[in-house]
Each structure stands twice: as structure tokens, then as C-alpha cells.
Amino acid sequence: MADKQIIISVKNLVKQYDDFTAVKGISFDVYEGEIFGLLGPNGAGKTTTLEILETLREKSSGEVLIDGLNVDKDQNRIKNIIGVQLQAAGYYPSLTLLELLDLFSGLYNVTIDKKHTLAMVGLEDKAKSKYKDLSGGQKQRFSLCTTLINNPKIVFLDEPTTGLDPQSRRNLWEMIRQIRAKGTTVVITTHYMDEAEELCERVAVMENGEFVALDSPDQLIDNLLAGGFVRKKEVKAANLEDVFLALTGKEWRDE
């Protein structure tokens, strides 16, 4: 990606809590317009890393630049150019989706087409529903559309498809691709390796606060095979999820 501009630069990032070091001096770059995956088991340090990039958590040492802005000095300017997926606790439960979109667009001082915004994630029929009355999957989908309200240059998605049915998961994949197609950079964490393989140009695998690999999914797979790995079961051109979607359709569903 030599012709791509670096939009996130991380050098020797460390996060320490008393005598426990959650992130141990990692360094990496993310390129403009890339979908970059942070992978790792629970407790590996990926969410801590993500929160530092989002200016939600202070680092112990190292340097982090977001579009040339320093996370220590330029937090407000960084917040204007990023979109962060909120968890359920970030919403007023008794407001309707239209009221929440009014609130968020007012915070960002932007005007949006609310019905179109909800339609992107298949929630146009829930426009007047209260947030607390949505299913878990619907709340997850709504969190993604609020991430895009300020037309961010970089979007951070922390396990965006957890708990979604196959239709919603595949539709969200397509939506993430569309976000990237508009030039937006996407940084994503996920526990679904098929999702990372499908979406990400590059992935970093974390373990115990360190990177144990950083490359394209294809290259990492090729490296494993070159080391003599043999899969016990032959991989077919389709999987059971493909069968499920072929039988039940691909449209958004109300969980």
C-alpha cells in the first residue's frame, strides 16, 4: 500500500494499569480508505487499543496520530472526524429512533435525512419506536447508523455484528463495504474470522497485549499452509450460512 496515505499512525503504544500492562509497545499504521481488523481473544488488548485511538482512554506512553492529529493534544478535533460505535448504554432508552437521530445530528451540527439513515440498516419501520423496545440486533444496527451521522473520515466498529442473524450480518458487511467505497477508513474488531477474512485488507492479531501477526488475511493463510498446515475437512465453495441465506432470503429481518 505504498501509494496510500497513512491516516492512523501508532508507535510504541503502551497502556499500563498499576502492575498490569494491557498493551505492550505495539506499532502499526492504517491507510486511508482501508478496512483494518484488530483480532484477538478476550483480554488480548484490542478494545483498549481501540479506545485509545478513539480518545476514550489515555495511553501510558507512545505516540498515536489520527489524520495527523495527536490524541494527547487534539482530542476535540479528532472527535469531529471519527465515528465511534456506541454500546447500548450510550442511548436514552425512552426516546424514539427519530428523536435520537435529532439529538445526535444536533450534537454534530449537521442535517441528515433521518428516514434514509434508518433505511440503510432496515429500520425505517421502527422510526417512531422507542430505543428500549428494539431487539438486541436492531439496537446493534441502529448503533451503526448513528456512527455515520457526522460523515466521518474514520469509523471505529467494535464487534458490530455480534448477535445478528445471518441476513443482518451479511447486509451489515455490505454496508461496511459501501462506507469504505466512499473513501472512509474502517477499523473493526470481531471474533468472527470469516468476517475479518471477507472484509479486511489487513488484520493485526493480538495476544497478551502484543501483535503476533500483521498482514492480509490471504497472506496469513498462505503462511500457515506453507508451514505444513492441513485442514481436516475439505473446504467447499459455499458454507451452511450461504445455504441458509439461499433458502430464507437476504432482506433485513426484525429479530
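Just above sits the structure.
What this report covers is the structure whose coordinates are included nearby.

Angle between the axes and distance between the axes are the two parameters that describe a pair of packed helices. Across the interface, helix H6 (residues 166-181) lies against helix H9 (residues 240-248) with an axial gap of 10 Å and an inter-helix angle of 100 degrees. Here H6 is positioned roughly perpendicular relative to H9, judged by the angle of their axes. From H6, Pro166, Gln167, Arg169 and Arg170 reach across to H9, where they touch Glu241, Asp242, Phe244, Leu245 and Thr248. Partitioning the contact of H6 with H9 into residue classes produces three nonpolar, two polar and four charged.

Turning our attention to unusual backbone geometry. In the Ramachandran plot, Asn12 falls in the positive-phi region, its phi being about 50 degrees despite a non-glycine side chain. Even without glycine at this site, Thr55 takes up a positive phi of about 65 degrees. Accessibility expressed as a relative area gives 9% for Thr55, which makes it buried.

As a further point, take the sheet that holds strand E3 (residues 35-39). Strands sit in the order E6-E7-E8-E3-E9-E10 across an open sheet of six strands; the sheet is mixed. The open sheet has two edge strands, strand E6 (82-84) and strand E10 (210-215), and neither has a second partner. Strand-to-strand twist in this sheet, taken as the mean axis angle between neighbours without regard to direction, amounts to 15 degrees. The sheet contact formed by strand E7 (residues 154-158) and strand E8 (residues 185-189) spans five bridges and is parallel. Paired with Asp158 across the strands is Thr189, a residue of E8. Lying over the sheet, helix H1 (residues 46-53) contacts E3, E7, E8 and strand E9 (202-207), oriented at roughly 150 degrees with respect to E7. Taken strand by strand, H6 contacts E3, E7 and E8, and its axis lies near 145 degrees from that of E8.

Moving on to the side chain of Glu159. Its location among the elements puts Glu159 in the loop between E7 and H6. Buried charge without a partner: Glu159 forms no salt bridge, and the closest opposite charge is Lys46, 4.7 Å away. Here Glu159 is in contact with Lys46, Gln85, Gln140, Thr189, Thr190 and His191, once residues within four sequence places are set aside.

As summarised here, the arrangement of the four strands in space is E2-E1-E4-E5, forming an open sheet in which the pairing is antiparallel. Where the open sheet ends on each side, the last strands, each with one partner, are strand E2 (20-31) and strand E5 (69-70). Inspection of the sheet shows strand E1 (residues 6-17) paired to strand E4 (residues 61-66) by five bridges, in the antiparallel sense. For Val14, the partnering residue across the bridge sits in E4 and is Ser61. Against the sheet, H1 makes contact with E1, E2 and E4, and its axis sits at roughly 120 degrees relative to E1, the strand it touches most.

Rules and cut-offs
Residues numbered from 1 in each chain as written. Predicted model: local features only at pLDDT ≥ 70, side-chain atom pairs only at ≥ 80, totals over all residues. Heavy atoms only, no water. Axes fitted to C-alpha atoms, helices over the stretch in contact; angles between N-to-C directions. Helix = DSSP H or I, 4+ residues; strand = E, 2+ residues; numbered from the N terminus. Parallel < 35°, antiparallel > 145°, perpendicular 65-115°, else oblique. Contact = heavy atoms within 4.5 Å. Nonpolar A, V, L, I, M, F, W, Y, C, P; charged D, E, K, R; others polar. Buried < 20%, exposed > 50% of the residue type's maximum accessible area, 1.4 Å probe, protein only. Pairing = 2+ DSSP bridges. Lys, Arg positive; Asp, Glu negative; His and termini not counted. Salt bridge = Lys/Arg side-chain N within 4 Å of Asp/Glu carboxyl O.

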